[in-house]
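Observations on chain architecture
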Amino acid sequence: MRFGYDERCLDHDTGPRHPETSDRLEAIRRRLAREHAVEYASADPADEETLARVHDAEYVATVREFCADGGGTWDADTVGVESTWDAARLSAGLAIDACEAALDGVDERMTPFSIGRPPGHHAVEDDAMGFCFFNNAVVAAEVALDRSGVDRVAIFDWDVHHGNGTQDLTLDRGDVHYASFHERGLYPGTGEVEETGEGDGEGTLLNAPLPGGSGDAEYLDAIDRLLAPALERYDPDLFVVSAGFDAHQHDPISRMRVSTEGYGAMTQRCREIADRSDAALAFVLEGGYGLDALASSVAMVNDVFDGREPVEPDEESSGRTSSVVDRVREVHGLD
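Residues numbered from 1 in each chain as written. Predicted model: local features only at pLDDT ≥ 70, side-chain atom pairs only at ≥ 80, totals over all residues. Heavy atoms only, no water.

1. Overview of the overall build of the protein chain
In plain terms, the rule: Put simply, DSSP marks the helices as runs of H or I at least four residues long and the strands as runs of E at least two long, and each gets a number from the N terminus on. Radius of gyration here uses only the C-alpha atoms, and the compact-globule reference equals 2.2 Å multiplied by the residue count raised to the power 0.38. Type-normalised accessible area, obtained with a 1.4 Å probe on protein chains alone, sets the label of each residue: buried when under 20%, exposed when over 50%, and partly exposed for intermediate values. Whether two residues are in contact is decided by their heavy atoms, any of which lying within 4.5 Å being enough.
Tallying secondary structure elements over the protein chain gives ten helices and ten strands in all. Relative to the compact-globule value of 20 Å for 335 residues, the protein chain shows a C-alpha radius of gyration of 18 Å, a close match. Expressed along its principal axes, the backbone C-alpha trace of the protein chain runs to roughly 55 × 50 × 40 Å. A burial count over the protein chain gives 63% of its 335 residues as buried. Partitioning the contacts of the protein chain with sequence separation of at least 6, the portion at a separation of at least 24 is 78%.

2. Observations concerning the pattern of salt bridges
The line we're drawing: By salt bridge we mean one thing: a side-chain nitrogen of Lys or Arg within 4 Å of a carboxyl oxygen of Asp or Glu.
Per the counting criterion, the structure on display carries 23 salt bridges. Between R109 and D306 there is a salt bridge, with the nearest N and O atoms lying 2.7 Å from each other. Here the residue R109 occupies a position in the loop between α4 (84–103) and β5 (112–114), and D306 occupies one in the loop between α9 (291–305) and α10 (319–332), the gap between them amounting to 197 residues. Residue R109 is classed as exposed on the basis of its relative accessible area, which comes to 54%. Among the ionic contacts, a cluster of salt bridges with common partners joins R53, E142, D146, R173 and D175.

3. Let's talk about the sheet that holds strand β2 (residues 39–41)
Definition in use: A pair of strands is treated as paired once DSSP finds two or more bridges between them. Angular values range over 0 to 180 degrees, each being the angle between N-to-C directions of two axes fitted as lines to C-alpha atoms, with helices fitted over their stretch in contact.
Taken in spatial order, the eight strands line up as β2-β1-β5-β10-β9-β6-β7-β8 in an open sheet, and their pairing is parallel. Each end of this open sheet is capped by a strand with a single partner; those strands are β2 and β8 (205–210). Direction aside, neighbouring strands of the sheet carry axes that sit 20° apart on average. Pairing of strand β1 (residues 2–4) with β2, which is carried by three bridges, proceeds in the parallel orientation. Across the sheet, G4 pairs through a bridge with A41, a residue of β2. Along the sheet, helix α1 (residues 23–35) makes contact with β1, β2 and β10 (280–285), crossing β10 at roughly 125°.

4. Quick word on the packing of aromatic side chains
The condition that has to hold: Ring pairs shown here join Phe, Tyr and Trp side chains whose ring centres sit within 6.5 Å, with only the six-membered ring taken for Trp; geometry is labelled stacked below 30 degrees between planes, edge-to-face above 60, and tilted in between.
In the structure shown here, the tally under the stated rule is 17 aromatic pairs. Aromatic pair F3 and Y40: ring centres 6.2 Å apart, planes at 40°, arrangement tilted. Of the two residues, F3 sits in strand β1 while Y40 sits in strand β2, which places them 37 residues apart along the sequence. Y40 sits in the partly exposed class, given a relative accessible area of 29%. Taking the centre distance of 5.8 Å and the plane angle of 80° together, the rings of F283 and F305 count as edge-to-face.

Printed below as a string of structure tokens:
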């Protein structure tokens, strides 16, 4: 794959006890270096004007001033330092670059994957939360929609937490379809099945709050019976995976049971969906806080694009998860 990366993202210092640290990116790079000749590409930081196309301009300026004053604690989960301003703009810029590269035809073994930090899917229009300052995936989608021939963007969020920021920023627009598979009841407590979008965005929001303990079979069933038919109907020109890896069975902050091999199978499913829609495909890093689990899962995504055939689970989806999938299918008319 073509990994977007910039060392300045390491300078976003959240402190030694925070789960979202620079160790995450360093663990990924160490793991990739063991087996792969990996290409890394930097990008220009997103400027304030670009960020203000998605976020409130006064909020963007407030983040700049907060960091210029040395940062501190924004909320109980979100902290920053002076360098956070550049890191956050770079994280958005790397996401933009990944989507631009995908639309330029970079695919197959060189499919782009942005591994910037801080992550973005909790950032709302005028506030930071959940470790996130700017919504990298939505900023990238907004820029992509400027291109000729790009009328619809799909964002699939497999992070274990619901991307409340991505939902809020795309809720009423028909040119971005947002689908989230997340653990029911986990932070931030949003993302209900009945939320399907508003106004021009009606039908372009798909939430699947899966019960704790869901694993490979459950996630693949949800992709096959929810995501695939929904995106076949939507027919996106660009498909962005908000790739958090905290649903991994060895992640410390969730109860989900996705294996490293399961992430490979999910990746293959996304690749097939993009191919059927003739959509450009890009990945943008979100969460994942068990360093070994995160690094091995990112390496697995890379392996799939390098020709590996992931192992399919032997078991079937549990009844509890299947009932949620059935309900989402009913709400969205996917039967």
